[in-house]
Amino acid sequence: MRPLGEVSSRLARRAVAVAGTRAGVAIVFVVALAVWWLQALVIPLDGGRDLGTYLGAYVQLFQAHPIDLGYVLGRTPGATLVVGGLLDFAGGALAEPVVSLLYAASIAAFGARVALLTVVVLLAYPGYGILFHELSSDAVFAAAFAGWSLLVIRALRLPSTRAWALVGAGVGALVLVRPGNQVLLLLVLLPLLSHVRGRVRVTWAAAFLVPAIILIGGWAVHNGIRYDNYTIARGGNATVPFFRAFVTDKIVRPDNGPQSRELARAVQRDLISKEPYRSYGITLHDFFTEASPR
């Protein structure tokens with residue numbers, strides 16, 4: 001009888017050999033799919049972090065005159081369309097199957113020999129599975145980032161203009177899922193530092209930047225044309241100081257200074273003079289002294 005250590009080592013080598021094949025990737029995908037549905041017995045798909053804001057953005061994205069610009073300008077369309085679309089289409093019946101496929105695909109993306117340990121860790125780590133049992137941008141971003149990572153690896157192994165263009169387009173797509181991914185634009189340094197002729201480096205860098213800028217800039221232009229706000233996403237933690245001053249401390253008053261007077265004029269003109277606030281009888285004094293999140 002062979003020692004247990006020898007058997008384990010042999011199985012590990014065989015697993016590594018299979019992991020780099022198409023069959024290995026398929027096996028990882030099927031196993032990951034089974035793991036997700038097994039987890040679903042205990043953790044069924046539910047609403048995730050800030051689900052309400054994504055649904056608000058999804059509904060108003062298709063309206064000619066959105067009511068709350070905080071939703072449509074506060075969220076980029078990537079996660080909004082996925083999350084809202086899954087719940088809207090077929091009454092949400094496809095939400096669980098689609099999310100389970102995203103989970104399996106995000107893990108199978110690492111199904112190469114060098115990433116076998118990553119696959120094992122992701123399958124065994126409950127936190128990663130839980131991420132895909134909550135509808136929010138987290139699951140969408142995780143799946144998109146895994147797919148984009150494949151594009152980066154292929155561009156590094158077999159660099160070409162097309163490969164770097166796909167990486168750049170991937171960056172643009174990731175920004176439309178989460179605006180903070182704009183930091184990935186710094187990866188333009190990778191083609192610029194490649195060991196090829198200078199002209200080729202510049203071509204690859206341009207191929208990276210152009211699709212990224214088209215996607216990101218296109219969304220900013222969309223927001224500018226529709227909402228007169230040329231931004232990729234507005235809000236986030238930038239609202240926290242004002243929220244504290246306005247809602248918690250209630251120290252914002254029209255006579256505080258020129259910016260406060262401008263705010264008061266905007267509230268009088270564009271908010272409390274219109275429905276439903278006009279029918280509520282809300283005065284400018286009420287707005288500032290009885291401040292609330294709503």
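Above this text you will find the structure in question.
Residues numbered from 1 in each chain as written. Predicted model: local features only at pLDDT ≥ 70, side-chain atom pairs only at ≥ 80, totals over all residues. Heavy atoms only, no water.

### Some words on the overall build of the protein chain
- Each helix and strand counted, the protein chain has 16 helices and 2 strands in total.
- Total accessible area on the protein chain is roughly 17300 Å²; 66% of this is exposed by carbon and sulfur atoms. (Helix = DSSP H or I, 4+ residues; strand = E, 2+ residues; numbered from the N terminus. Areas by Shrake-Rupley, 256 points an atom, 1.4 Å probe, with all protein chains shown as cover.)

### Some thoughts on the nonpolar core
- Residues Ile107 and Phe132 are the most contacted members of the largest nonpolar core, which totals 50 residues.
- Excluding residues that lie within four positions of it along the chain, Phe132 makes contacts with Trp36, Leu45, Val99, Leu102, Tyr103, Ser106, Ala139, Ala142 and Ala143.
- Counting 7 residues, the second-largest nonpolar core is a separate cluster that includes Ala245, Phe246, Ala264 and Ala291. (Core = buried A, V, L, I, M, F, W, Y, C linked by side-chain atoms within 4.5 Å. Buried < 20%, exposed > 50% of the residue type's maximum accessible area, 1.4 Å probe, protein only. Contact = heavy atoms within 4.5 Å.)

### Considerations on the side chain of Ser136
- Within the element layout of this structure, Ser136 appears in the loop between β2 (134-135) and α9 (137-157).
- A polar contact is formed between the side chain of Ser136 and the backbone nitrogen of Asp138, at a distance of 3.2 Å.
- Once residues within four sequence positions are removed from consideration, Ser136 is found in contact with Gly48, Arg49 and Val83. (Polar contact = N/O pair within 3.5 Å; in protein donor to acceptor, adjacent residues only side chain to side chain.)

### Some remarks on the layout of surface pockets
- Empty space within the largest pocket amounts to approximately 2300 Å³.
- Around the largest pocket, the lining is made up of 46 residues, and of these Asp68, Gly70, Arg234, Pro293 and Arg294 lie nearest the centre.
- Contributing elements (two or more residues each) for the lining of the largest pocket: α3 (51-61), α4 (69-74), α13 (240-248), α14 (258-270), α15 (277-280) and α16 (284-289).
- Of the residues contributing to the lining of the largest pocket, the split by class is 23 nonpolar, 10 polar and 13 charged. (1 Å grid on protein atoms, 1.4 Å probe; cavity = no way out; pocket = protein on both sides within 12 Å on 5 of 7 lines; lining within 4 Å. Points joined across faces, edges and corners; volume = space filled by probe spheres on them. Nonpolar A, V, L, I, M, F, W, Y, C, P; charged D, E, K, R; others polar.)

### Considering empty space enclosed by the protein
- Under the definition given, this model contains 2 cavities of 30 Å³ or more.
- One number sums up the size of the largest cavity: a volume of about 50 Å³.
- Together, Val82, Val83, Leu86, Val99, Leu102, Glu134, Leu135, Ser136, Ala139 and Val140 line the largest cavity.
- For the lining of the largest cavity, the elements supplying multiple residues, two or more each, are α5 (77-88), α6 (95-108), β2 and α9.
- With 3 residues, the single largest contributor to the lining of the largest cavity is α5.
- Class assignment for the residues of the lining of the largest cavity results in 8 nonpolar, 1 polar and 1 charged.
- If you add up the space inside the second largest cavity, you get close to 40 Å³.
- As for the second largest cavity, its lining consists of Ala57, Leu61, Val72, Arg75, Thr76, Pro77, Thr80 and Trp219.
- Counting residues per element, the ones that place at least two in the lining of the second largest cavity are α3 and α5.

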